[in-house]
Amino acid sequence: MYEVNNVSKIYPQMSIPALNNISFSSNNNNAIGILGSNGAGKTTLFMASNALLSINSGDILINNYSVKKEPNKIKQCTGLFTDKLVLYPVLTVKEVIKYFLGIYGISSKKYNYWRDWGGVKEFENRQIKHLSTGMLKKVMLLISVISKPKVLFLDEPFSGLDPVAKSDFLLLLKSLKEEEKIKLIISSHDLTETQVIVNEVVIIEKGTVIESGEVNNLIKKYNGKKMISLYINRTPEIMDYIHKNNFEYKDSNDLIIMTFEADHLNHVLSELGDTDKFVDIVTKEVSLDILYNEVRKNAIHNITE
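The following refers to the structure shown. Because the structure is a prediction, the values reported are computed rather than measured.

Thresholds, definitions, all that
Residues numbered from 1 in each chain as written. Predicted model: local features only at pLDDT ≥ 70, side-chain atom pairs only at ≥ 80, totals over all residues. Heavy atoms only, no water. Helix = DSSP H or I, 4+ residues; strand = E, 2+ residues; numbered from the N terminus. Buried < 20%, exposed > 50% of the residue type's maximum accessible area, 1.4 Å probe, protein only. Pairing = 2+ DSSP bridges. Axes fitted to C-alpha atoms, helices over the stretch in contact; angles between N-to-C directions. Contact = heavy atoms within 4.5 Å. Parallel < 35°, antiparallel > 145°, perpendicular 65-115°, else oblique. Left-handed = near helix turned anticlockwise from the far one by under 90°. Nonpolar A, V, L, I, M, F, W, Y, C, P; charged D, E, K, R; others polar. Core = buried A, V, L, I, M, F, W, Y, C linked by side-chain atoms within 4.5 Å. Polar contact = N/O pair within 3.5 Å; in protein donor to acceptor, adjacent residues only side chain to side chain. Patch = residues over 30% accessible without salt bridge, like charges linked within 9 Å, V, L, I, M, F, W, Y side chains within 5 Å. Areas by Shrake-Rupley, 256 points an atom, 1.4 Å probe, with all protein chains shown as cover. Salt bridge = Lys/Arg side-chain N within 4 Å of Asp/Glu carboxyl O.

Examining the environment of glutamine 76
Right, on to step 1. For glutamine 76, the position within the fold is in helix α2 (residues 71–77).
Right, on to step 2. By relative accessible area, which is 56% here, glutamine 76 ends up exposed.
Right, on to step 3. Taking the C-alpha atoms as reference points, glutamine 76 and aspartate 289, separated by 213 residues in sequence, lie 34 Å from one another.

Okay, structure coming up:
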């Protein structure tokens, strides 16, 4: 359970609140994506939710514990993954993990379990300063979960990772969500990867929640129609048809890629007739980045009206 109730945070040096009376809740084990542009208030929210930053008003409840009244209880049931964690560069991976096992009062006999779970065995004797970004993030993830938190906050977990490292990291997050039953709350600009994990989103702009809810419901609300990409041989007749009907399209060598709502497919095919013109038909699901942009565009429109 994660509830944010009328929370505000004001930094003296800022002209507007970092968090402006925001509220939302999630009372199940769904993973949540916290989306927003730089400076929206995401990191402030994460720090406050882990009882690492005081708030000016409101309260945050995690598993019925209050960040205001029971900060120590909050710290016992949450974990925070962040690139801002500084590790001693001359220590080896093994030394760092054992150090944090000791901090949490966990037997060093658990080392092999976590080493194997995180896939760090092949570089466990390498110094921190010699790790790649992907290796370092695996170590940081291990550190954030060895205390077995009920809720894990991840601040930009995919930044700086190449496609292979992202895929490896996603597998670890899926394991935390599905096998360890840890509630994941992810702040990220990498929405393609985030969409694989999260079931709910909260979209924040300038310290204010502009939308929240389950991803599938929000997709239906803002752009519920599936889209079709029709790959078709370029001919003068096809170009006339596209321009006459104002279809979106892209040129790709001798091919045209037409994009339109799936409901129109049968009509388009019947009008174009000759199937020899068609190369491929691809159904496109609405992505999280499209949803995010639609929500922001709608919010800006409402503000300017």
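On we go from here.
Description of the sheet that holds strand β10 (residues 208–214)
Right, on to step 1. Reading across from one edge, β6-β7-β8-β3-β9-β10 is the order of the 6 strands in this open sheet, with mixed pairing throughout. Both edges of this open sheet fall to β6 (78–81) and β10, since each of them pairs with a single strand only. Strand-to-strand, the axes of this sheet are offset by a mean angle of 15°, without reference to chain direction.
Right, on to step 2. Two strands pair when backbone bridges link them, and strand β7 (residues 151–155) and strand β8 (residues 183–187) are joined in this way by 5 bridges, in the parallel orientation. Bridge pairing in β8 places leucine 154 opposite isoleucine 186.
Right, on to step 3. Helix α1 (residues 42–49) rests against β3 (32–35), β6, β7, β8 and β9 (200–205) of the sheet, and its axis sits at about 150° to β7.

Here's the deal with the packing of helix α4 (residues 111–118) against helix α5 (residues 133–145)
Right, on to step 1. At a minimum axis separation of 10 Å, α4 and α5 run at an interaxial angle of 135°. By the angle between their directions, the pair α4 and α5 is classed as oblique. The handedness of the crossing between α4 and α5 is right-handed. Every residue of α5 that contacts α4 at Trp114, Trp117 and Gly118 is listed here: Lys138, Leu141, Leu142 and Val145.
Right, on to step 2. In terms of residue class, the contact of α4 with α5 is made up of 5 nonpolar, 1 polar and 1 charged.

Some remarks on the nonpolar core
Right, on to step 1. Core analysis: the largest hydrophobic core is formed by 50 residues, its most contacted members being Val139, Leu141, Leu154, Leu173, Leu176 and Leu184.
Right, on to step 2. The greatest single-element share of this core, amounting to 7 residues, is contributed by α5.
Right, on to step 3. Those residues in contact with valine 139 that lie beyond four places of it in its chain are Leu87, Val93, Val96, Val120, Phe123 and Leu131.
Right, on to step 4. Grouped together as the second largest cluster of nonpolar side chains are 24 residues, Ile22, Ala40, Ile60 and Phe153 included.

Structural notes on the side chain of serine 175
Right, on to step 1. Take serine 175: it is sitting in helix α6 (residues 163–178).
Right, on to step 2. Note on serine 175: relative accessible area 10%, which makes it buried.
Right, on to step 3. Ignoring sequence-local partners within four residues, the contact set of serine 175 consists of Trp117 and Glu180.

Here's the deal with the sheet that holds strand β5 (residues 65–66)
Right, on to step 1. Taken in spatial order, the 4 strands of this open sheet run β2-β1-β4-β5, and their pairing is antiparallel. Of all the strands in the sheet, the pair left with one neighbour each is β2 (19–26) and β5.
Right, on to step 2. The pairing of strand β1 (residues 2–9) with β2 spans 5 bridges and is classified as antiparallel. What sits directly across from glutamate 3, in β2, is serine 25.

Concerning α1
Right, on to step 1. Across the 8 residues of α1, 6 count as buried, placing the element largely inside the fold.
Right, on to step 2. Of the residues trailing α1, alanine 51 is marked for its positive phi of about 60°.

Describing the environment of lysine 9
Right, on to step 1. Its place among the elements puts lysine 9 in strand β1.
Right, on to step 2. Accessibility expressed as a relative area gives 10% for lysine 9, which makes it buried.
Right, on to step 3. With 10 residues separating them in the primary sequence, lysine 9 and leucine 19 have C-alpha atoms 4.9 Å apart.
Right, on to step 4. Looking at lysine 9, its side chain comes within polar contact range of the main-chain oxygen of serine 54, at 3.1 Å.

Considerations on a nonpolar patch on the surface
Right, on to step 1. Taken together, the side chains of Tyr99, Ile103 and Tyr104 make up a nonpolar region of the molecular surface, amounting to roughly 320 Å² of accessible area.
Right, on to step 2. You can see tyrosine 104 is positioned in the loop between α3 (93–103) and α4.

Looking at the side chain of threonine 82
Right, on to step 1. Structurally, threonine 82 is set in the loop between β6 and α3.
Right, on to step 2. Reaching out from threonine 82, the side chain makes a polar contact with the backbone nitrogen of lysine 84 at a distance of 3.1 Å.
Right, on to step 3. Once residues lying within four places of it in the same chain are set aside, the contact partners of threonine 82 are Met140 and Asp155.

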